[in-house]
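# Summary of structural features
Here is what each chain is made of, one letter per residue.
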Amino acid sequence: MEQFLLTALLLLLSDLRGAAEALVVKVEVPVYKIRGDAAELLCHYDLEGATLYSLKWYKGDSQFYQYIPANRQTKTVFQVPGVNVDTSATSMGHVRLVGLPLSASGAYRCEVITEAPQFVTRFGEGNMTVIDLPASAPVLEGAHTAYEAGDVVNVNCSSPHSQPPATLEWYINEQRVVEPRLLRHYTPIQETDGLQTAVLGLYFRTSKRHFLSGHLRLKCIAKIASIYLQSQETAVRETNFQPHTQAEESRHDPFYFFNSPSSATVAHLSLRLLLAALGRIAA
Ligand SMILES: *[C@@H]1O[C@H](CO)[C@@H](O)[C@H](O)[C@H]1NC(C)=O
Ligand SMILES: *[C@@H]1O[C@H](CO)[C@@H](O)[C@H](O)[C@H]1NC(C)=O
């Protein structure tokens, strides 16, 4: 009988252990936030029948919060540079950070430990990047008001004072410029306020086909992650533009200079190949 009880107890213990080892911790950490905003960090856990001993939040290797249900004071906040916890809006696994500085960017980890005897530990981790948006829309420099076919266009686009620096794209008549020889890449300018100004140059020789009805449109788009998108554009005139000859000119493929194989066609083709391959597997 004792033997039976012991076996039953061991089975129960190993069962509990198995349950606790199934402990799953998932975090929700915003990927991007704007400087000064608040951020909600969520730590979800499924204890699978075990009891929570502690839940801790870390930024990098520094602990800034703990929740220990068995303690008299269940919530404790620790000072970590860049991390301002709003204690009144923080409970259990849910932490609210306020007044985000740029230095709040980094890896956030939630650690969950179950009660004795197992003390199973699991982590969930997410990265957050705090962004300072550019001071203004991108600025175009160096464009003349008019060009003659054959003239060189040499212009800069800059997106002032942001963190991280914006990524820039040039468009000629709505066609994205991808040819490396037309683009001049510069390292972002380090500003005294700690922010950066991104600069991208565009350099090309104009030809008749660039001028549509006597105009050439230059556009620059500045982007930061999925959070920021602003553009600036300018239209320059063709000197001595004669409407008639221009009409003749644009009847030929006007974008031949900037054409690349249509990506829509490529995508379509690869989808068909994929479907064909799947069909073969299914068969
Ligand atoms: C966070 O960023 C680090 C360093 O860039 C990377 O190694 C890690 O995989 C990222 N973690 C997540 C959850 O995206
Ligand atoms: C573009 O910016 C670069 C780097 O700041 C500078 O060296 C260059 O002279 C500028 N070009 C024009 C056309 O403004």
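Residues numbered from 1 in each chain as written. Chains lettered and ligands numbered in written order. Predicted model: local features only at pLDDT ≥ 70, side-chain atom pairs only at ≥ 80, totals over all residues. Heavy atoms only, no water.

The name an unreviewed UniProt entry gives the chain is Cell adhesion molecule 4, with Hyalella azteca as the organism.

### Here's the deal with the overall build of the chain
Along the backbone of the chain there are 3 helices and 19 strands. Relative to its full complement of 283 residues, the chain shows a buried share of 34%. Within the chain, contacts between residues separated by at least 24 positions form 62% of all contacts whose residues are at least 6 apart in sequence. On the chain, roughly 16300 Å² of surface is accessible, and the fraction owed to carbon and sulfur atoms is 55%. (Helix = DSSP H or I, 4+ residues; strand = E, 2+ residues; numbered from the N terminus. Buried < 20%, exposed > 50% of the residue type's maximum accessible area, 1.4 Å probe, protein only. Contact = heavy atoms within 4.5 Å. Areas by Shrake-Rupley, 256 points an atom, 1.4 Å probe, with all protein chains shown as cover.)

### Some remarks on the state of the cysteines
Here the structure, examined in full by the defined rule, presents 2 disulfides. Two residues, cysteine 43 and cysteine 110, share a disulfide whose sulfurs are 2.0 Å apart. With the S-S dihedral at roughly -80°, the linkage between cysteine 43 and cysteine 110 falls on the left-handed side. Residue cysteine 43 is located in strand S3 (residues 39-46), and its partner cysteine 110 is located in strand S8 (residues 106-114); the two are separated by 67 residues in the primary sequence. Here cysteine 157 connects covalently by a disulfide to cysteine 220, the sulfurs 2.0 Å from one another. When the S-S torsion is -75°, as for the bridge of cysteine 157 with cysteine 220, the disulfide is left-handed. Of this pair, cysteine 157 sits in strand S12 (residues 152-162) while cysteine 220 is found in strand S18 (residues 215-224), placing the two residues 63 residues apart along the sequence. (Disulfide = S-S within 2.5 Å.)

### Re the site of ligand 2
Lining the immediate surroundings of ligand 2 are Asn154, Asn156, Tyr186 and Val199. The contact in question runs from an oxygen atom of ligand 2 to an N or O atom on the side chain of asparagine 156, over 2.3 Å. For ligand 2, whose free accessible area comes to 360 Å², the fraction covered by protein is 51%. Residue classes in the shell around ligand 2 are distributed as 2 nonpolar, 2 polar and no charged. (Near = heavy atom within 4 Å. Polar contact = N/O pair within 3.5 Å; in protein donor to acceptor, adjacent residues only side chain to side chain. Nonpolar A, V, L, I, M, F, W, Y, C, P; charged D, E, K, R; others polar.)

### Some details on the nonpolar core
By size, the foremost hydrophobic cluster in this structure holds 28 residues, and its most contacted members are Trp57, Phe64, Leu97, Tyr108, Val112 and Met128. Within the residue set of this core, elements represented by two or more residues are strand S1 (24-28), S3, strand S4 (52-59), strand S5 (62-67), strand S7 (94-97), S8 and strand S9 (121-131). Of all hydrophobic cores here, the second largest spans 24 residues; its members include Ile131, Tyr147, Val155 and Val236. (Core = buried A, V, L, I, M, F, W, Y, C linked by side-chain atoms within 4.5 Å.)

### A word on the sheet that holds S9
Strand order in the open sheet made by the 6 strands is S2-S9-S8-S4-S5-S6, with mixed pairing throughout. This sheet does not close on itself; its edge strands, each paired only once, are strand S2 (32-34) and strand S6 (75-77). Geometrically, the sheet is characterised by an average inter-axis angle of 25° between neighbouring strands, direction not taken into account. Alignment of S4 against S5, held across 5 bridges, turns out to be antiparallel. Following the sheet pairing, lysine 56 is matched in S5 by glutamine 66. (Pairing = 2+ DSSP bridges. Axes fitted to C-alpha atoms, helices over the stretch in contact; angles between N-to-C directions.)

### What to know about the pattern of salt bridges
Under the definition given, this model contains 9 salt bridges. Between aspartate 86 and arginine 96 there is a salt bridge, with its nearest N and O atoms 3.7 Å apart. Of the two residues, aspartate 86 is situated in the loop between S6 and S7 and arginine 96 in strand S7; the sequence distance between them amounts to 10 residues. Given a relative accessible area of 26%, arginine 96 falls into the partly exposed group. Salt-bridge contacts for glutamate 174 lead to lysine 219; the nearest nitrogen and oxygen are separated by 3.1 Å. (Salt bridge = Lys/Arg side-chain N within 4 Å of Asp/Glu carboxyl O.)

### A closer look at the environment of threonine 74
Tracing the backbone through its elements, the reader meets threonine 74 in the loop between S5 and S6. C-alpha separation for the pair threonine 74 and serine 91, spaced 17 residues apart in sequence, amounts to 9.2 Å. When near neighbours in sequence (up to four residues on either side) are disregarded, threonine 74 contacts Gln66, Tyr67, Ile68 and Pro69.

### As for the sheet that holds S3
Sheets are built from strands that pair by backbone hydrogen bonding, the pairs being arranged parallel or antiparallel. Taken in spatial order, the 3 strands line up as S1-S3-S7 in an open sheet, and their pairing is antiparallel. Lying at the two open borders of the sheet, with one neighbouring strand each, are S1 and S7. Each neighbouring strand pair of the sheet contributes to a mean axis angle of 15°, computed without reference to strand direction. For S3 and S7, the ladder comprises 4 bridges, and the chain directions are antiparallel. In the sheet register, alanine 39 faces S7, and the bridge partner there is leucine 97.

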